[in-house]
Each structure stands twice: as structure tokens, then as C-alpha cells.
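Analysis of the macromolecular model
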Amino acid sequence: MAVETRHLTMSGSVLRFMNQDHLFPVYQFQSLLLATASELAATMIVAERGANIADLKAWEPCCGGGPAAVTLKHLGVGYVQATDISDESIAACRANAAANAVSLDRIAVADLLADSDQDRRYDLICCNPPCAPDVSSNSEPASLLTAVRGGDKGIELTLRLLDQVGPRLTPGGSLVFVAVSTSDIASLRQRLDEDFHGQWRTFPTTPVAAPYRSAEDEASRWLTDGTAAFEPIVWRRKDGWYWRLTWIVEVSNGRLSGTGSGFALCPYGLEVDRDRDLSLMISKFSSDGFWLR
Ligand SMILES: C[S@@+](CC[C@H](N)C(=O)[O-])C[C@H]1O[C@@H](n2cnc3c(N)ncnc32)[C@H](O)[C@@H]1O
């Protein structure tokens, strides 16, 4: 059965996204964070350039139901493209655009950034790539596995995205993408520092903490039993769930200059002090430099 997710945009409108059972749902703690960050990034680029929102070109690869693409077009971005490797996701994106009376400029099947439209450059590329490690159960529908599997460490597609993004951004343009603490954030950070030193940051409104999996679920065991190819960052709360963090990362093609980067593990101050497990986790990671510089 299709379930609706509503999104309050920066301009105060409500957008509606319909989610089919067998597809990745437009999800509050990833999709809508990305959509909001994309709106903020678009307005920042426009403000810095003294341009109009209608002058911008944006692209949501791995679009699924198209949360960022639909939101940006609704904001008034001039050219918006959405692509995905799955025909079913493309159909869902098309339906969501129509349901919100938004006309996307191009919707097409493409493998990540290897799109046939190779000459166009974008001011904003917004992506929620598959970012779960390959430990998820095979009993899920194939379309959901395609949506979540990001290789052994959950960052395979994100690293490919970083490889490919340079030539697709305009000068001063940005890539904004989703990163989760149940993927190999340490390796991702290393890669960002190596290839985009001083040109990346986590969005100041993130990380966001959210329940991830029930601790009772057998499929959650990999989170804590040491079998993962990296160290997932999760903590168990009294509600019986493992919680994790989601960041939005921005990589700029020249606009950011040495502003705060790094993956802050928790901006929630006092609340952390009261949560012993999380405090221990944070002190462990902060000694490894996992804080805003
Ligand atoms: C985590 S979902 C995100 C969907 C949507 N952007 C959102 O935030 O709700 C990942 C999406 O990436 C698509 N995908 C998986 N591998 C891909 C690839 N190699 N190239 C393009 N899209 C891919 C999946 O079909 C799925 O729709």
C-alpha cells in the first residue's frame, strides 16, 4: 500500500510524496534532510553569486521518489534533472513531481553520474546514495536492495560519486549528499580530506539522531558483534532501538574555503552527558579527531 510522506518546504508549502512498499520511501531522516539542505545550498549559492534562483541548474542522481529534485523545482530552480538506475524509481519520481504540480526538466535512467547528458554542468548535485553495507537480508525485494546496498563499508557509491563529481559541477557549485554513521564514516572522512581539503563540510544542522533498527531484530546483530568491515556508530536507547546519526555533507567546487569540516558526533550538548553509552562513544571518537575543527 502506498504511504504518504509530507515535506514542509522553506517557503512554507507542503509537498506530498507517495511511497510504494517495494521502493525506498521518501524518508524523514535522509530524504527530507537532503531536500532541506538542498534548498539551503541553492539559496546560499544564489546569494553569493547575486544571481536568481531561476538561473540555477540542479541534479538529483539516485533520485528514488525525487525528494530533492521536486523540492528544488518547487523552489524555482530553473533546470532540474532527476536520474536513477531503476525504472521503477523513475516512475515514482515522475508521479511525485506530477502530484505536486512540478514539471522536472529531465527524468532519465542513469548509473550514478554516468549520464548521457555529459556536457551539462550543475550548480547543485544532491544525492542520497545507497549507503548500507552488504549485510542486509536477501529477503528484501530486489528494488530495495538496489536502493540500500553500498558495498562492504556502505560507502562504495559515495566514493564513486566523489570520483565523478568534479567535471559535473560549475565553478562555485556544490555536491550535497547523505552520510550515515552505520557506514564507514572514518574512510569517507579520509577521502574527503585527501581530495577536497578545505572544500567540504558537514551541514551545521546535522547530524540528526534517529532510531535505526530494533535491537531485538536478529538482522541488527552485525551492528555490535564486530563482524562489519568497519566500526558502525550506534547506541542502544531505552526504547529498545539502535540509534544512529545522519549527516548532510557538502563538497564545493571552489566556494567553501577552509570552513568547519569533520563529522561532529553529537551537537546535542547536555543530553549527551546524560546518556552514558553515547558519552563513552563520543569520547572515544573525539580522541580520534572526530570533531568540528
Ligand atoms: C537510498 S535511495 C534514495 C532515494 C531518494 N533520493 C531519497 O532520498 O529518498 C537510493 C536510490 O539510488 C538508486 N540507485 C542504486 N544504485 C544506483 C546507481 N548505480 N546509479 C543510480 N541510482 C542508483 C536506487 O534505485 C534508489 O532509488
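Residues numbered from 1 in each chain as written. Predicted model: local features only at pLDDT ≥ 70, side-chain atom pairs only at ≥ 80, totals over all residues.

This part takes up the overall build of the chain. Within the chain, the secondary structure is distributed over eight helices and eleven strands. Scored against the burial criterion, the 293 residues of the chain give a buried share of 44%. Partitioning the intrachain contacts of the chain with sequence separation of at least 6 by distance along the chain shows that 71% fall at a separation of at least 24. (Helix = DSSP H or I, 4+ residues; strand = E, 2+ residues; numbered from the N terminus. Buried ≥ 20, exposed ≤ 12 C-beta atoms within 10 Å, placed from the backbone. Contact = placed C-beta atoms within 7 Å.)

Moving on: the site of the ligand. In the neighbourhood of the ligand, 22 residues make up the surrounding shell, with Ser31, Cys62, Gly64, Ile85 and Asn128 lying closest. Among the elements of the structure, helix H1 (31-49) and helix H4 (142-148) are those that each provide at least two residues to the shell around the ligand. For the shell around the ligand, the class distribution of residues is twelve nonpolar, eight polar and two charged. (Near = placed C-beta within 6 Å. Nonpolar A, V, L, I, M, F, W, Y, C, P; charged D, E, K, R; others polar.)

Looking now at the environment of Asp21. Here Asp21 lies in the loop between strand E2 (14-19) and H1. Between the C-alpha atom of Asp21 and that of Met1, which follows or precedes it by 20 residues, the distance is 6.2 Å.

With that out of the way, let us pick up the packing of H1 against helix H2 (residues 67-75). At a minimum axis distance of 8 Å, the contact between H1 and H2 shows a crossing angle of 35°. In this structure, the crossing between H1 and H2 has a hand that is right-handed. Every residue of H2 that contacts H1 at Ser31, Leu32, Leu34, Ala35, Ser38, Glu39 and Ala42 is listed here: Pro67, Ala68, Thr71, Leu72 and Leu75. When grouped by side-chain class, the residues that make up the contact of H1 with H2 number eight nonpolar, three polar and one charged. (Axes fitted to C-alpha atoms, helices over the stretch in contact; angles between N-to-C directions. Left-handed = near helix turned anticlockwise from the far one by under 90°.)

Mapped onto the elements of the fold, Arg201 is located in strand E8 (residues 200-202). Under the C-beta neighbour-count criterion, Arg201 is labelled buried, with 22 such atoms within 10 Å.

Okay, the pairing of strand E7 (residues 169-180) next. Put simply, side chains in a regular strand alternate between the two faces of the sheet. The element E7 is extensively covered by neighbouring structure, given that nine of its twelve residues are classed as buried. Sheet topology note: the strand E6 (residues 122-127)/E7 ladder contains five bridges and is parallel. Within E7, the residue paired with Leu124 across the bridge is Ser174. Inspection of the sheet shows E7 paired to strand E11 (residues 241-252) by seven bridges, in the antiparallel sense. Opposite Ala179, over in E11, you have Trp247 as the bridge partner. (Pairing = 2+ DSSP bridges.)

Here we take up the confidence of the model for the chain. On average, residues of the chain score 87 in pLDDT, and 87% of them are at 70 or above. In this model, residues 267-272 is a region of pLDDT below 50 whose contacts with residues beyond four sequence positions or in other chains number four contacts. Scored below 50 in pLDDT, residues 286-293 shows 14 contacts in the model against residues more than four places distant or in partner chains. (pLDDT = per-residue confidence, 0-100.)

This brings us to helix H3 (residues 87-99). Along its 13 residues, H3 runs 18 Å from first to last C-alpha, staying within 8% of the 18 Å computed at 1.5 Å per residue. Within two residues after H3, Ala101 carries a phi angle of roughly 55°, on the positive side. (Expected span 1.5 Å × (residues − 1).)

This part takes up helix H5 (residues 156-165). Of all the positions in H5, only Leu157, Thr158, Leu161, Leu162 and Val165 are classed as buried. Viewed end-on, H5 has its buried residues packed into an arc of 145°, placing them on one side of the element. On the buried face of H5, the contacting elements are E6, E7, helix H6 (185-195) and E11. (Arc of directions from axis to C-beta.)

Take unusual backbone geometry next. Even without being a glycine, Cys62 presents a positive backbone phi close to 55°. Relative to the assigned elements, Cys62 resides in the loop between strand E3 (57-60) and H2. The exposure class of Cys62 is buried, given the 28 C-beta atoms found within 10 Å. Here the phi dihedral of Leu112 falls at roughly 50°; this positive angle occurs in a residue that is not glycine. Note on Leu112: 18 C-beta atoms within 10 Å, which makes it partly exposed.

Glancing now at the environment of Pro130. Tracing the chain through its elements places Pro130 in the loop between E6 and H4. Residues Pro130 and Leu144 lie 14 residues apart in sequence; the distance between their C-alpha atoms is 9.7 Å. Other than its neighbours up to four places away in sequence, Pro130 contacts Ala147, Val148, Arg149, Gly150 and Leu157.

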